[in-house]
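# Tertiary structure, described
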Amino acid sequence: MGIPVFVFAGLLVHCVFLASIFDIYFTSPLVHGMTPQQTPLPPPGKRLVLFVADGLRADSLYELDSNGTSRAPFLRSILENTGSWGISHTRVPTESRPGHVALIAGFYEDVSAVAKGWKENPVEFDSIFNESKYTWSWGSPDILPMFAKGASGDHVYTFCYTAESEDFGAQDAAKLDTWVFDHVKSFFNSSRSNQTLYSALNEEKVVLFLHLLGIDTNGHAHRPNSREYKENIRKVDEGVKEIASMLENFYGNDGKTAFILTSDHGMTDWGSHGAGHPSETLTPLIAWGAGVNYPQRVASQFFEDNFLKEWKLENLKRLDVNQADIAPLMASLIGVPFPLNSVGTLPLEYLNNSAHFKAESMFTNAVQILEQFKVKMTQKKETTLSFLFTPFKPLSDSEQINLLKKTRLYIQQEKYDEAVSLCKTLINLALEGLSYYHTYDRLFLGLSIAMGFVGWTAYVILVIIKTHTNLTKAAQSHDKESTILLYGFAFVGLIIAFFLLIQTCPWTYYVYCLLPVPVWYAVVKELHVIQDLAVYLLSLPVGQSMGFLLICALGIEILTTALIWILLCMLLGIFPLMPVVGREPNIPLVIATGLLTLLISCSSLSSLCKSKNKYMNNEDLKVQFYQMLSIALSTYVVSSTHDSLQNKQGLPVFNQIISWTTLVSSSVLPLLSPTFLFQRLFSILLSLMSTYLLLSTGYEALFPLVLSGLMFVWINMEQEALQQYGLSLKPKLAVFNFSYATDIMQFRQLHLDDVRRSFFFVFFIVTAFFGTGNIASVNSFDPASVYCFLTVFSPFMMGGLLVLKVVIPFVLVSCAFEAVQVTTQLSSKSLFLIVLVISDIMALHFFFLVKDYGSWLDIGARLCSIVIYGHGTFLDLFQLEVCLVPQTSGKLVMHQCNSASRISHYVLVMSLTIFMMLMNGLAQLLTTKKLELSRKTKHHST
């Protein structure tokens, strides 16, 4: 197989491997085709008002100030005198989109959907808004449209402010909530002169949705313990009071309006959300009005937390719910059908109605979830051969009929408690069955991918042995045997395709199941290489063979005890120990890093000027001067932007221009510098550092400097190690020119040291990604990271800048690896093949440990730095992490997690393989190419 074909095949195979994880573990749980279910008895309310205070923590609303007063006096009086209250336990990821979907549609969106957009729906789903007669909503353009899109008919109306209003650098984000309250009041005032609108507002099954984003925005910008965040809560309380009073007057105090106030998610003390910390998952729920229970006085109540005592609410019954339970509660209050995809359980204690109504509502809830189970089972049954289909036994057809009949009989006999109990049993069984059928094909597809993994890894190992070692002999061609082998594997492929066809499987199933066929054909075709390898291994002493395999597996070989290597490793090992999220910005440290980079640059420039380096001319010195100027400007912009935002003066336009200009120029300036090894690598570092400083808020600004220092030492050590074996004929590193490396026509064969080089590269790549927690905390990031570029909320632009921040250390390591390859006379293909084997073995390990629940931070990983100090194995990086896991009861339990069960590990090693050639190409471009701006510029050969 030629190099271009091999490269294409490798990219294709690994793209399939990477895509498979999302198709197997992260698919939408939704089904369609159910019949709407509605409680047959008349509802208590005609209309529902839903207030969602985005980013509002439970404790921030319920706690009292230092003087013993509530910062939300109106809502406090509601829960004490007229309504019910509790905590809504959200599921991770604690983001706005999945939180609102759970509240309004009643189901927990697949965790990957958070990355699919805020304004568009990756899947169509039913919601309370869709089932209502009319819905009017006011608030953010990021939330409202996704519930209007896909709604049947034209009855969901949205009124949004502009996206530019969501400015983290604004003086006071509470104006977003003021906008909502003002427009609601104006809307109702205008309805008095609009008979059509007035009539519509007086219909039954009306929903009013007020999305209040100010608290979330102030929390991100100023932290939840700030004056701005707490003052915003007061303004929301005042606004809710005004709206409630206005509506009661508008409808003549008819007692048919139900009110619910809650939040989509909470927020950590440091202003982020997305993970599973209690401050993020515990949100307030206050309900009052039509059909809602009055406060229930109790002598005592038990919860594992101490919140009741802290909030002075020990004697008012706390009614906790899961976030998805709010959707059936709202449906029950105004008599609309339960959302078709809802998995929530109706919280009966919130209802102020007859036992008959409660029993009928629970029965409707159970039938609605059972309908989903039936559709899911039917779909799976239709796509599986009858003799292979294994039904969910606890909820067979006969068991369904028995439970439904018995429940209906209990209701007719007015045994309402027994009916409710049976409904809860049916709901639990139906939810278990939904999960069972949703993951029905997971083992089958997983085994297919595993076979592809093993086959591809075996093939790559055979290619390494065949083309880069002397272990095999020239093989004779046997055309007849090859033809028979080809026909045999083709027949196997036809059998698999036919098997999938008669089951009407999706086209992706064909890809996953047929991929192992050509891969294993390529392996079996190299049978003579396997035989030669076996003969060689059998000829070695057992101890030597085992030692060889052990070294290859661990990839550890002590090179040197050089003090600088040890010191840099220890210094780099500090970064993974630092907090991933939850740290306060440390702008002085970022500024100090910029000044340190300038000092190093000045030292380098002074050294070059004093030595009168014949390999640099005036144009090259100008380039380095421009890069130093860029570092200085970046340092100034970071300081100036921070001061301006603290003074609530917004992002200065000059700073924004400098930031974007620096970002663009950083990719060009390295190409203007000399191509001598250390000079080019140093130029790349300076350019990337100028951008990295603009994206830093604290200790992570030092990370590229320390990592680059270790990379320079690594290059020196690899060169020295090669010279000790007498294998190096290259010039000294000081005069080595990248541009001449492409002229090498003869590369040496691989030996055992090269396994270590590949392992070090993989290790440094992982360290570069996880060293400052960038990957693990992408969805819990601090918006301050991008404030030098923009402060107006733009998820994709902000996400793109964060990805760039993650990639910069990756580029530094790739350029260092390029230097190692060319200075040690190695073919980039040979080392890439070794890296491919390492990453594929890791990926196969992580593939079966992926979990499909949790936040991106939970599903992600936090790197432990055990091996950075020189002991342990590569897998130790993924072993120790303590995390919070939400239980079904809504409680949070602290336990020891195995971080290897994280999707980010799988995505990392697969992405590493897929993008390795692209990064290698980028590294070659950055190290070997030079833009000539003047014809007078010349470089002398060594």
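Residues numbered from 1 in each chain as written. Predicted model: local features only at pLDDT ≥ 70, side-chain atom pairs only at ≥ 80, totals over all residues. Heavy atoms only, no water.

Let's shift gears to the overall build of the chain. Looking only at helices and strands, the chain has 34 helices and 10 strands in total. In the chain, which comprises 942 residues, the share counted as buried stands at 57%. (Helix = DSSP H or I, 4+ residues; strand = E, 2+ residues; numbered from the N terminus. Buried < 20%, exposed > 50% of the residue type's maximum accessible area, 1.4 Å probe, protein only.)

In this section: the packing of aromatic side chains. Counting across every chain of the model gives 43 aromatic pairs. When the ring of F678 is compared with that of F712, the centres are 5.5 Å apart and the planes differ by 45 degrees; the resulting orientation is tilted. One end of the pair, F678, is in helix α27 (residues 677-694); the other, F712, is in helix α28 (residues 703-724), and 34 residues separate them in sequence. Look at F678 and you get partly exposed, because its relative accessible area is 27%. Residues F760 and F764 carry aromatic rings whose centres are separated by 5.9 Å and whose planes lie at 75 degrees to one another, so their mutual orientation is edge-to-face. Taken as a pair, F760 and F764 lie in helix α30 (residues 752-770) at a separation of four residues, close to a single helical turn. Relative accessible area serves as the criterion here: at 13%, F760 is assigned to the buried category. Here a set of aromatic residues connected by ring pairs shows up, and it is made of Y134, W136, W138, Y157, F159, F187, F188, Y198, F250 and Y251. (Phe/Tyr/Trp six-rings, centres within 6.5 Å; stacked < 30°, edge-to-face > 60°.)

Here strand β1 (residues 47-53) lies mainly inside the structure; seven of its seven residues are buried. Burial of β1 is two-sided: the residues R47, V49, F51 and A53 facing one way and the residues L48, L50 and V52 facing the other way are all buried. With seven bridges connecting them, β1 and strand β5 (residues 206-212) associate as parallel partners. Each bridged residue has a counterpart across the sheet, and for R47 the counterpart in β5 is V206. Here β1 runs beside strand β6 (residues 257-262); their pairing, made up of six bridges, is parallel. Considered in β6, the bridge of F51 is made with L261. (Pairing = 2+ DSSP bridges.)

Quick look at the nonpolar core now. Core analysis: the largest hydrophobic core is formed by 113 residues, its most contacted members being W456, W565, W714 and F764. Ranked by residues supplied to this core, first place goes to helix α31 (residues 795-823) with 14 residues. The next biggest cluster of nonpolar side chains, apart from the first, holds 67 residues, and it includes F147, V336, L351 and L370. (Core = buried A, V, L, I, M, F, W, Y, C linked by side-chain atoms within 4.5 Å.)

How two helices sit against one another is set out by the angle between their axes and by the gap between those axes. Two elements in contact, helix α7 (residues 175-191) and helix α10 (residues 227-250), have axes whose closest approach is 10 Å; the angle formed by their N-to-C orientations is 10 degrees. The orientation of α7 relative to α10 falls into the category roughly parallel. Of α10, the residues touching α7 (which contributes D177, F181, V184, K185, F188 and S191) are N232, K235, V236, G239, V240, E242, I243, M246, L247 and F250. Classifying every residue of the contact of α7 with α10 by side-chain character gives nine nonpolar, three polar and four charged. (Axes fitted to C-alpha atoms, helices over the stretch in contact; angles between N-to-C directions. Parallel < 35°, antiparallel > 145°, perpendicular 65-115°, else oblique. Contact = heavy atoms within 4.5 Å. Nonpolar A, V, L, I, M, F, W, Y, C, P; charged D, E, K, R; others polar.)

Contact pair helix α9 (residues 214-222) / α10: the axes reach a minimum separation of 8 Å and the direction vectors enclose 170 degrees. Looking at the two axes, α9 sits roughly antiparallel to α10. Between α9, through G214, I215, N218, G219 and H222, and α10, the contact on the second element is made entirely by E228, Y229, N232, I233 and V236. Across the contact of α9 with α10, the residue classes tally to four nonpolar, five polar and one charged.

The strand order across the open sheet built from eight strands is β4-β3-β5-β1-β6-β7-β2-β8, with neighbouring strands paired in mixed fashion. Among the strands making up the open sheet, the edge pair consists of β4 (156-160) and β8 (321-322). Where strand β2 (residues 84-89) meets β8, two bridges bridge the pair, whose relative direction is parallel. Of the residues in β8, the one forming a bridge with H89 is N322. Each of β1, β5, β6 and β7 (282-289) is contacted by α10, which is oriented at about 170 degrees to β6, the strand it contacts most.

Unlike most non-glycine residues, T504 shows phi in positive territory, near 50 degrees. Within the secondary structure, T504 sits in the loop between α18 (479-501) and α19 (507-514). Even without a glycine there, the phi angle at K648 is positive, about 60 degrees. With respect to the secondary-structure elements, K648 resides in the loop between α25 (618-646) and α26 (653-665).

Overall, the coordinates contain 21 salt bridges when judged by the stated rule. Linking R76 and E80 is a salt bridge whose minimum nitrogen-to-oxygen distance equals 3.1 Å. Highlighted residues: R76 and E80, both in helix α3 (residues 73-81), separated by four residues, approximately one helical turn. Taking the shortest distance from any N to any O, the salt bridge between K185 and E242 comes out at 2.8 Å. Residue K185 is found in helix α7, and its partner E242 is found in helix α10; the two are separated by 57 residues along the sequence. In this structure K185 comes out as partly exposed when scored by relative accessible area, which is 24%. A network of salt bridges, in which partner residues are shared, links E63, D65, R71, E231 and R234. (Salt bridge = Lys/Arg side-chain N within 4 Å of Asp/Glu carboxyl O.)

Moving on, we come to the side chain of T135. Tracing the backbone through its elements, the reader meets T135 in strand β3 (residues 134-139). Among the residues examined, T135 registers a relative accessible area of 0% and is labelled buried. Discounting chain neighbours no more than four positions away, the residues touching T135 are F129, H155, V156, Y157 and V207.

If you check helix α16 (residues 416-438), its first and last C-alpha atoms are 33 Å apart, about what 23 residues at 1.5 Å a residue would give, namely 33 Å. Close packing links the buried residues of α16 with α14 (355-382) and α15 (397-412). (Expected span 1.5 Å × (residues − 1).)

Glancing now at the environment of I838. With respect to the element layout, I838 can be found in helix α32 (residues 828-847). Once the C-alpha coordinates of I838 and V762 are considered, the two residues, 76 residues apart in sequence, prove to be 8.1 Å apart. With sequence-adjacent residues up to four places away left out, I838 is seen in contact with S758, F759 and V762.

Across its 29 residues, α25 extends 42 Å between first and last C-alpha, which sits within 8% of the 42 Å expected from 1.5 Å per residue. Backbone geometry just after α25 places K648 at a positive phi near 60 degrees.

Bringing a nonpolar patch on the surface into the picture now. Taken together, the side chains of F387, L388, F444, F498, F499, L501 and I502 make up a nonpolar region of the molecular surface, amounting to roughly 700 Å² of accessible area. The element that contributes the greatest number of residues to the nonpolar patch is α18, accounting for three residues. (Patch = residues over 30% accessible without salt bridge, like charges linked within 9 Å, V, L, I, M, F, W, Y side chains within 5 Å. Areas by Shrake-Rupley, 256 points an atom, 1.4 Å probe, with all protein chains shown as cover.)

Our next topic: the confidence of the model for the chain. Mean pLDDT for the chain: 80, with 80% of residues reaching 70 or above. Every residue in residues 774-780 is under pLDDT 50, and counting partners more than four places away or in other chains gives 30 contacts. A low-confidence stretch, residues 935-942 stays under pLDDT 50, and its non-local contacts, those more than four residues away or across chains, total 18 contacts. (pLDDT = per-residue confidence, 0-100.)

All right, on to the pairing of β3 then. Counting buried positions along β3 yields five of six residues, so the element is predominantly enclosed. Pairing of β3 with β5, which is carried by five bridges, proceeds in the parallel orientation. Its bridge partner being in β5, S137 is matched across the sheet by F209. Taken together, the five bridges between β3 and β4 define a ladder with parallel strand orientation. Residue pairing for β4: G139 is matched across the bridge by C160.

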